[in-house]
Amino acid sequence: MGRFARWSWPLMMLLLPLVLMGWASVQGGRVDDVLRQAQGLGSDYAWLRVLQVLAGLAYWLALAALVAGPATWLKLRLDAWRALKSRDFLYDRLFLCWRALGRWLVAYTGLLVGALALSLVYELSWGWDHFKAGGAFMLVVAVPLIAVLWAGCLLIGRLRQRWHALDSPSSGVLGQRIGRDKAPALWAWIEQLATVTCAPVPDHIVVGIDQSFFVTSVDVLLQPACDLLCGRTLYLPLTYLSTLSQAETASIIGHELGHFSRRDTERGSEIGAQFSLMCLHFASIRAEDADPAWIERPAIWMTQRFLHYFQLAVHHWGRAQELVADRVGGNIGGERLFCQALLRVIALDGEIATLLAERHSNLIQALADHLSHTPLRLNEAALDHAVAHPFDTHPPTALRLQQLGVTLDEALLAEATRVPTEHDRHWFSQLTRTASPAATQPESPPIPTVQGE
C-alpha cells in the first residue's frame, strides 16, 4: 500500500492528461454522432459546433500537458545531475532552474485546468440541454469537479505567488542589531578576526538566543524591529556566548567568516541560504493543503523531487565549502582549539534546545543555573552529529575532526564539557559595554596570523 501511494503521485502526471484526453474524445464523438444524424438544426447546429470546438480544444490542451509533464521531469533530472557534477552550474543556475520549474508547473497545471474547464463547460451545457434524456446524470458527475477546477486555480495562484516571492529572498531572524557606536570593542575584535581570516568585515552584527552562530549574505528581516539588513550579516547567539571562552568563540567566528574569505565559498553560503528558502516556500505551499486534490498532486510531487535531487548537490558542495571554512577557523587558535569549540557547541546544543522549549523568562540565567548542577555530556556518538545551521550544510563532526587531523581524546572531551567559568560567562558582556575599546575589551590570547592553506 505504501509503495502504491508513493507511485500514485508521479503516475498522476501521466494519468490526468490521458483521462482528460479520453474524456474529450468521448465528448467529441458524442457531438459528431449528433451532427451526422441531423443536419440543418439552425441555432442548435451552431451550438453543437461550439461544443465540438470545446471538445477539440480540451483534447489538445490535455495532450500538451501529457508532453509538458515528462519534459519538465526530464529537464529537472538533467539540471540536478549537472549541478551535482559542476559547482559552477549549481551556483550559477540553481535560482534559474527553480524559476524555470515554477513557470513549467504553472503552465502544466494551467493546461490541465484549461482542459478540465472546457470539458466541464461542455458537460454542463450538454447536461442542461438533455436534462430529461440522461443529462441530469452528467450534471451530477460534472458539478463536483468544479471544486477540483477551483483547487487547480488556487494552486496556480500559490505557485505564482511563492515563486515570485523568492525573486527577492529574505530570512526572518529574531534578534537585535549591534551598531559600532554601541559596542566599539566588539566591532574592533570582529574586524581583527576578519583581517586574520582575509575576509571582509560583516556589514551587520546581530545578537539573539534562538539560533547558533551563522553568517549570511541573504537579506535579513530582523524581528521584532522589522529592520531589513542588506549585505553580510554575522549572527551571535547569547546563549553560546555565555558558555564559551573568548578564544573558543574566536575560532567559531573565524569559521563563519571563512565563508566570506573567498568568493566561491561565499557563493556556496548564499546558495545554501537560497535553497533553505526554497524549502520554506514549498513547505508553505504544502501546508496550505494537507490533502491536495488530484489536479494539484503532479505539481507538488515535481517540486518535492526538485528539492530532493538538488539537495544532493547542495549538500555535496556545501560540505566541501564547510571543510574549507573549518580550516580557516582552525587557523585562528589552532585546529585543536577549533575542534574543542565545535564539540562544546554540540554538547550545548541539546541543553539549549531543551531550555528554549521550556520558555524561560531569562534564558541566559536559566542556562547558567542548569549548567552549574548538570554536567555536559559528550561521547563518540557526537561524532555522527551535524551542527544545526539555518543556511549551510555541516558535515558530520567525525569527518570535520578527521580533516583537521584532531583525535577525540579524554583531554579534549574534558575541555569541551567543562563547567562554564567566570570568564566564559562575562567576557562578552564586558566586550559590549559602551565604553572605549581599551577599557572594555577583556584580555585574550593574541590572534595568530593565518597560515597558508
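Rules and cut-offs
- Residues numbered from 1 in each chain as written.
- Predicted model: local features only at pLDDT ≥ 70, side-chain atom pairs only at ≥ 80, totals over all residues.
- Heavy atoms only, no water.
- Helix = DSSP H or I, 4+ residues; strand = E, 2+ residues; numbered from the N terminus.
- Expected span 1.5 Å × (residues − 1).
- Buried < 20%, exposed > 50% of the residue type's maximum accessible area, 1.4 Å probe, protein only.
- 1 Å grid on protein atoms, 1.4 Å probe; cavity = no way out; pocket = protein on both sides within 12 Å on 5 of 7 lines; lining within 4 Å.
- Points joined across faces, edges and corners; volume = space filled by probe spheres on them.
- Nonpolar A, V, L, I, M, F, W, Y, C, P; charged D, E, K, R; others polar.
- UniProt positions renumbered as here; feature names shortened; annotations may be inferred.
- Core = buried A, V, L, I, M, F, W, Y, C linked by side-chain atoms within 4.5 Å.
- Domains from an automatic or database assignment.
- Contact = heavy atoms within 4.5 Å.
- Pairing = 2+ DSSP bridges.
- Salt bridge = Lys/Arg side-chain N within 4 Å of Asp/Glu carboxyl O.

**Student:** Explain helix α8 (residues 246-258) to me, and be specific about the residues and the numbers.
**Tutor:** Working note: α-helix, 3.6 residues per turn, so residues spaced by three or four point in the same direction. The end-to-end C-alpha distance of α8, which contains 13 residues, comes to 18 Å, matching closely the 18 Å that a straight helix rising 1.5 Å per residue would cover. Most of α8 is tucked away, with twelve of its 13 residues classed as buried. Every buried residue of α8 is listed here: Gln-246, Glu-248, Thr-249, Ala-250, Ser-251, Ile-252, Ile-253, Gly-254, His-255, Glu-256, Leu-257 and Gly-258.

**Student:** Run through unusual backbone geometry, naming residues and quoting values.
**Tutor:** Backbone torsion omega between Gln-223 and Pro-224 reads 5 degrees, so that peptide bond is classified as cis. With respect to the secondary-structure elements, Pro-224 resides in the loop between β5 (219-223) and β6 (227-229). The phi dihedral of Cys-198 is positive, around 55 degrees, even though this residue is not glycine. Considering the arrangement of structural elements, one finds Cys-198 in the loop between α6 (184-196) and β3 (204-208). Residue Cys-198 is classed as exposed on the basis of its relative accessible area of 59%. With a phi angle near 60 degrees, Cys-226 is a residue other than glycine that sits in the positive phi range. Relative to the elements of secondary structure, Cys-226 occurs in the loop between β5 and β6.

**Student:** How would you explain empty space enclosed by the protein if you had to name every residue and give the values?
**Tutor:** For the structure shown, the criterion picks out four cavities of 30 Å³ or more. There is about 60 Å³ of room inside the second largest cavity. Along the walls of the second largest cavity sit Thr-72, Lys-75, Leu-76, Asp-79, Cys-97, Ala-100, Leu-101, Trp-104 and Phe-306, which together make up its complete lining. Listing elements by their share of the lining of the second largest cavity, those giving two or more residues are α2 (43-85) and α3 (87-129). Looking at side-chain class alone, the lining of the second largest cavity contains six nonpolar, one polar and two charged residues.

**Student:** Give me the UniProt feature "transmembrane region" (unreviewed entry) in the protein chain: which residues, what numbers.
**Tutor:** UniProt records the feature "transmembrane region" (unreviewed entry) at residues 52-74, 95-122 and 134-156, using the numbering of this structure. Secondary structure content for residues 52-74 is 100% helix and 0% strand, while the C-alpha to C-alpha distance between its ends is 34 Å. The straight-line gap between the two end C-alpha atoms of residues 95-122 is 40 Å; of that span, 100% is helix and 0% is strand.

**Student:** Just give me the short version of the nonpolar core, but keep the residues and values in it.
**Tutor:** With 56 residues, the main nonpolar core has Leu-90, Leu-94, Leu-116, Leu-159, Met-302, Phe-306 and Phe-310 as its most contacted residues. Looking at which element gives the most residues to this core, the answer is α3, with 16 residues. Viewed by domain, this core spans two of them, domain 1 (8-166) and domain 2 (171-432), each represented by three or more residues. Among all residues touching Phe-306, those that are not within four sequence positions of it are Leu-76, Leu-94, Cys-97, Trp-98, Leu-101 and Met-278. With 52 residues, the next largest nonpolar core counts Ile-178, Ile-252, Leu-342 and Leu-371 among its residues.

**Student:** If you had to explain the pairing of strand β7 (residues 233-237) to someone new, which residues and values would you point to?
**Tutor:** For β7, the tally of buried residues reaches five of five residues, placing the bulk of the element in the interior. Burial of the side chains of β7 extends over both faces: Thr-233, Tyr-235 and Pro-237 are buried on one face and Leu-234 and Leu-236 on the other. Note: β3 against β7, five bridges, orientation parallel. In the sheet register, Ile-205 faces β7, and the bridge partner there is Leu-234. The pairing of strand β4 (residues 214-216) with β7 spans three bridges and is classified as antiparallel. Across the sheet, Phe-214 pairs through a bridge with Tyr-235, a residue of β7.

**Student:** I'd love a proper account of the pattern of salt bridges, names of residues and values included.
**Tutor:** Inspection of the entire model under this criterion finds ten salt bridges. A salt bridge links Glu-191 to Arg-180, with the nearest nitrogen and oxygen atoms 2.3 Å apart. Here Glu-191, found in helix α6, pairs with Arg-180, found in the loop between β2 (176-177) and α6; they are eleven residues apart in sequence, far enough to count as distant. Here Glu-191 falls in the partly exposed class, since its relative accessible area comes to 27%. Arg-180 gets classed as partly exposed once you look at its relative accessible area, which sits at 42%.

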